[in-house]
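Examining the three-dimensional arrangement
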Amino acid sequence: MKKITLLHCLLLLATSAFAQTTTQVSTYAGTGTYGRDNGPTLTASFGSPDGICSDQSGNLYIVEQGNDLVRKITPNGDVSTFAGSGIQGDDDGLGVKASFNRLQGICIDNSGNLYVMDRIRISKITPAGEVSTIVRKRSGYQDGPVSVAKIGDFQGGICIDNQGNLFVGELHKHRIRKITPQGIVSTFAGAMDGTSGNTNGTGTDARFTNPSGICADASNNIYVCDYGNNLIRKITSAGEVSTFAGNGSKNHSDGTNLNAGIPSPWGICIDASGDFYLTQNDYHVSIRKISNTGSVTTYAGNGKRGITNGIGSEASFLTLNGICKNGAGEIYVTDMFYCIIRKIVDITPTPPVVTYVDLPVTVCLGSTVDQPATTNGSSAGFVVENLVHPFNNALSICNNENNVFVLYQSFDQFSNSIDSVKRYDFQGNILDSFELLGSLNELIAVDNSGRIYGVYPDANNPSVSNIQRFNSDGSLDFSFSIPSYILGKILAIELGPDGFLYATEEGTGYIRQIDVSSGTVNNLPDPSPSFSFDRIVDIAFDKAGDMILADIGLNKILKRNKSDNNYYPMNVGFDTLFPNTTSISIDTVGFGHITVSSNTSSFPVSIFYGVEPFDVVDSIIFNSQLNVINPKLTLAIGGNSTTGSLPTVWALDSINN
């Protein structure tokens, strides 16, 4: 069943015991307009910033394709022009006397010398700002001294190792070239004839497809963003090429190194701990992290193009190009199209501790009703339990063939949240209660073995839900996270007769089928073109195994026929008579039980009994037993019926939702 709205007013006060590390994205420099003004970071302007690096003092250096300048940002936030006249050219010289032609890549050595790459040459810039040419672009292919070597493509990345060797990615020639401190150019990896591919091997036996960003670790291994293959490749100092991360798919997914999806990686850097940070710029615009333990995660960004600052997946990026991390642990990325520099830092947010203004919660039990009675009959419900403890909160209700389970949230003396479940028989007697030993849940479902399935929000992204299963004593059986692009915030869950967990999502209208043994998530097919889902707030299954859906946005009850997997609206008339269906359950007799909320005085909330096609045959109207104003009321149905009477109906309500 679904979550019902929390039943207490919240006063935000102090800190929470459940704070977790996440990231904060902010605009560090640039106004968002094209320019070349120097000055404080947020008034300075840039022209298509691309590559970026940091020195040991915390200064940032950025190369600009549009302005043909190398800019410097000091730790106190002063932006200046470090090299370049701003007039396109290929002149050496000191500082602003030099000129460049569409700068793209930059790296720095241990002595503070910069190495910049534009479309026609690679240059060295000393800490004093003296610019000198290392090698020029020449059409064709040839290894050898820089004076005669032919490197035909300066559009990939550039890096330098601890021995002073430069490595250059030839984006369209699919090769990695090496330039020694003595000025000797060789083909370090990739086909000499420029053939693309995806082959591991040694040196020129290996194949790449559009190698872009490149970096070196402390052991002089080289890591390459293999843009066209959606991979990160590793090249040892001996030239041995292997796949370091990525499964080759364009689908964005987190996971272990070789299982994660890393679509079109562009920029890359490595920190002192051996953690890598990547920029993705096509299919899912975000920053990824590859930890030194081998896990790939989405570090910042929600994958959508935008310019929003914020925490974790709240942030969005328009374009992501260069990336670096300074000694203070701060990450900087360039947004070429929006002409800004963004800053990403790890933070531990301090969520507020809440103080509760008490409002009671009611669990209401409807008596067994003979079939059929009069529609719009009087209230047959009575109160099982009023929960008025200031630290008790009922969230969700469900049942199996034996018992009813109610999920509560309680708090200890330190205001730490605790999940508990009370188990009732169908007459309303409490059988036992136990704590759920896992993350805090919002929804529960239960199987006939008494195992409870909980849905809990991602601490870093409340719009994402995760799954865990508990044994009948409350001990955690397993837990797994599902990436945000696969599974968003869940509105309702139900266990199907096939053993799969079914969930509906906020905002998407999707119905997800979750294999609880593996964590695999599949979409059920969309309905016919004649209608589409809006906001499915509950799921139930009838005796035939067909899925019944309550869509509060459409004000309809929908049926998914198991035999043909098609969806059919069930014309019960609730869309005009009683809008806002909030919950649905199917009993063992085959009757559907539906809660409908209304603002009218005569029908504040009702439970309707019906048979297929859900003609209304009876109703209970809770005018006094359930204190409801625009309720989100959830149902559980219990007890087998052999006498022609309807089983017992349980309802969980909230006040002033």
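Residues numbered from 1 in each chain as written. Predicted model: local features only at pLDDT ≥ 70, side-chain atom pairs only at ≥ 80, totals over all residues. Heavy atoms only, no water.

1. Side note on the overall build of the chain
On a plain count of helices and strands, the chain comes out with 0 helices and 56 strands. Going through the 657 residues of the chain one by one, you find that 56% of them count as buried. Here the analysis covers contacts within the chain between residues at least 6 apart in sequence; of these, 47% occur between residues at least 24 apart. Of the roughly 25500 Å² of accessible surface on the chain, 49% is carried by carbon and sulfur atoms. (Helix = DSSP H or I, 4+ residues; strand = E, 2+ residues; numbered from the N terminus. Buried < 20%, exposed > 50% of the residue type's maximum accessible area, 1.4 Å probe, protein only. Contact = heavy atoms within 4.5 Å. Areas by Shrake-Rupley, 256 points an atom, 1.4 Å probe, with all protein chains shown as cover.)

2. Describing the pairing of strand 9 (residues 105-108)
Neither face of strand 9 is exposed, since Gly 105 and Cys 107 on one face and Ile 106 and Ile 108 on the opposite face are all buried. By the bridge criterion, 4 bridges tie strand 9 to strand 10 (residues 114-117) in an arrangement that is antiparallel. From the neighbouring strand, Cys 107 faces strand 10, where its bridge partner is Tyr 115. Turn length for the strand 9-strand 10 hairpin, with the two strands adjacent in sequence and antiparallel, is 5 residues, and the turn residue Gly 112 shows positive phi of about 90 degrees. (Pairing = 2+ DSSP bridges.)

3. As for the pattern of salt bridges
Enumeration according to the criterion identifies 13 salt bridges in this entry. Linking Arg 121 and Asp 92 is a salt bridge whose minimum nitrogen-to-oxygen distance equals 2.7 Å. Placement of the pair is Arg 121 in strand 11 (residues 121-125) and Asp 92 in the loop between strand 7 (78-83) and strand 8 (93-94), with a sequence separation of 29 residues. The residue Arg 177 makes a salt bridge to Glu 170 at a minimum N-O spacing of 2.9 Å. (Salt bridge = Lys/Arg side-chain N within 4 Å of Asp/Glu carboxyl O.)

4. Observations regarding the packing of aromatic side chains
Pairs of aromatic rings are described using the distance from one ring centre to the other and the angle between the two planes. Under the counting rule described, the total for this entry stands at 9 aromatic pairs. Ring centres of Tyr 227 and Trp 266 lie 5.3 Å apart, and the angle between their planes is 85 degrees; this geometry places the pair in the edge-to-face category. Of this pair, Tyr 227 sits in the loop between strand 20 (222-226) and strand 21 (231-235) while Trp 266 sits in strand 24 (residues 265-270); the two residues are 39 residues apart in sequence, bridging distant segments of the chain. Residue class for Tyr 227 comes out partly exposed when judged on its relative accessible area of 21%. Centre to centre, the rings of Tyr 502 and Phe 541 are 5.4 Å apart; their planes meet at 55 degrees, and the pair counts as tilted. Pair noted here: Tyr 502 is in strand 44 (residues 501-505) and Phe 541 is in strand 47 (residues 536-541), with a separation of 39 residues, a long-range link. Given the relative accessible area of 4%, Tyr 502 is considered buried. Overall, Phe 541 belongs to the buried group, its relative accessible area being 16%. Taken together, the ring pairs in this structure connect Tyr 223, Phe 244 and Phe 276 into an aromatic cluster. (Phe/Tyr/Trp six-rings, centres within 6.5 Å; stacked < 30°, edge-to-face > 60°.)

5. Overview of the sheet that holds strand 27 (residues 295-303)
Backbone hydrogen bonds hold the strands of a sheet together, and the pairing may be parallel or antiparallel. Spatial strand order, 23-27-26-25-24: 5 strands in an open sheet with antiparallel pairing. The open sheet terminates on both sides in strands that have one partner only, identified here as strand 23 (255-256) and strand 24.

6. Here we look at the pairing of strand 48 (residues 547-551)
The buried count for strand 48 comes to 5 of 5 residues, which makes it a mostly enclosed element. With 5 bridges connecting them, strand 47 and strand 48 associate as antiparallel partners. Directly across from Ile 536, in strand 48, lies its bridge partner Asp 551. In this antiparallel pair of consecutive strands, strand 47 and strand 48, the connection spans 5 residues, and Gly 545 shows a positive phi of 90 degrees. Here strand 48 pairs with strand 49 (residues 556-560) via 5 bridges, running antiparallel. Note on strand 49: the bridge partner recorded for Met 547 is Arg 560.

7. Some words on the side chain of Thr 279
By the element assignment, Thr 279 lies in strand 25 (residues 276-280). For Thr 279, a relative accessible area of 0% puts it in the buried group. Here the side chain of Thr 279 touches Gly 267 through a polar contact of 2.8 Å, landing on its backbone nitrogen. Here the side chain of Thr 279 touches Asn 321 through a polar contact of 3.0 Å, landing on its backbone oxygen. (Polar contact = N/O pair within 3.5 Å; in protein donor to acceptor, adjacent residues only side chain to side chain.)

8. Brief notes about the sheet that holds strand 10
Here 5 strands make up an open sheet; going across it, the order is 8-12-11-10-9 and the pairing antiparallel. Across the chains shown, the open sheet's two edge strands, defined by having one partner strand only, are strand 8 and strand 9. Across 5 bridges, strand 11 lies against strand 12 (residues 130-136) in antiparallel orientation. Along strand 12, the bridge assignment pairs Ile 125 with Val 131.

9. Brief notes about the layout of surface pockets
The gaps of empty space that remain are located by a probe, the size of a water molecule, rolled over the atoms. By volume, the second largest pocket is sized at about 1200 Å³. In terms of lining, the second largest pocket is formed by 47 residues, of which the most central are Cys 53, Ser 54, Ile 108, Cys 269 and Ile 270. Of all the secondary structure elements, the ones that give two or more residues to the lining of the second largest pocket are strand 4 (49-54), strand 9, strand 14 (158-160), strand 19 (211-216), strand 24 and strand 29 (323-325). (1 Å grid on protein atoms, 1.4 Å probe; cavity = no way out; pocket = protein on both sides within 12 Å on 5 of 7 lines; lining within 4 Å. Points joined across faces, edges and corners; volume = space filled by probe spheres on them.)

10. Overview of the confidence of the model for the chain
Detailed reading of the predicted model is not advised wherever pLDDT is low. Residues of the chain with pLDDT of at least 70 account for 69%, and the chain-wide mean is 76. Note on residues 351-392: pLDDT under 50 across the span, and 145 contacts to partners over four residues away in sequence or across chains. Throughout residues 598-635 the model reports pLDDT below 50, and contacts reaching past four residues in sequence, or to other chains, amount to 159 contacts. (pLDDT = per-residue confidence, 0-100.)

11. Examining the environment of Asn 429
Here Asn 429 shows up in the loop between strand 37 (417-424) and strand 38 (430-435). Sequence separation between Asn 429 and Val 404 is 25 residues; the distance between their C-alpha atoms is 9.9 Å. If we ignore the near neighbours within four places in the chain, the residues touching Asn 429 are Arg 423 and Tyr 424.

12. Concerning unusual backbone geometry
Even without being glycine, Arg 102 reaches a positive phi, approximately 60 degrees. Mapped onto the secondary structure, Arg 102 falls in the loop between strand 8 and strand 9. With relative accessibility at 34%, the residue Arg 102 sits in the partly exposed group.

13. Notes on the side chain of Gln 513
Within the fold, Gln 513 resides in strand 45 (residues 511-515). Assessed through its relative accessible area of 15%, Gln 513 is described here as buried. Reaching out from Gln 513, the side chain makes a polar contact with the side chain of Tyr 502 at a distance of 3.0 Å. Once residues lying within four places of it in the same chain are set aside, the contact partners of Gln 513 are Asp 498, Phe 500, Leu 501, Tyr 502, Thr 520, Val 521, Asn 522 and Leu 524.

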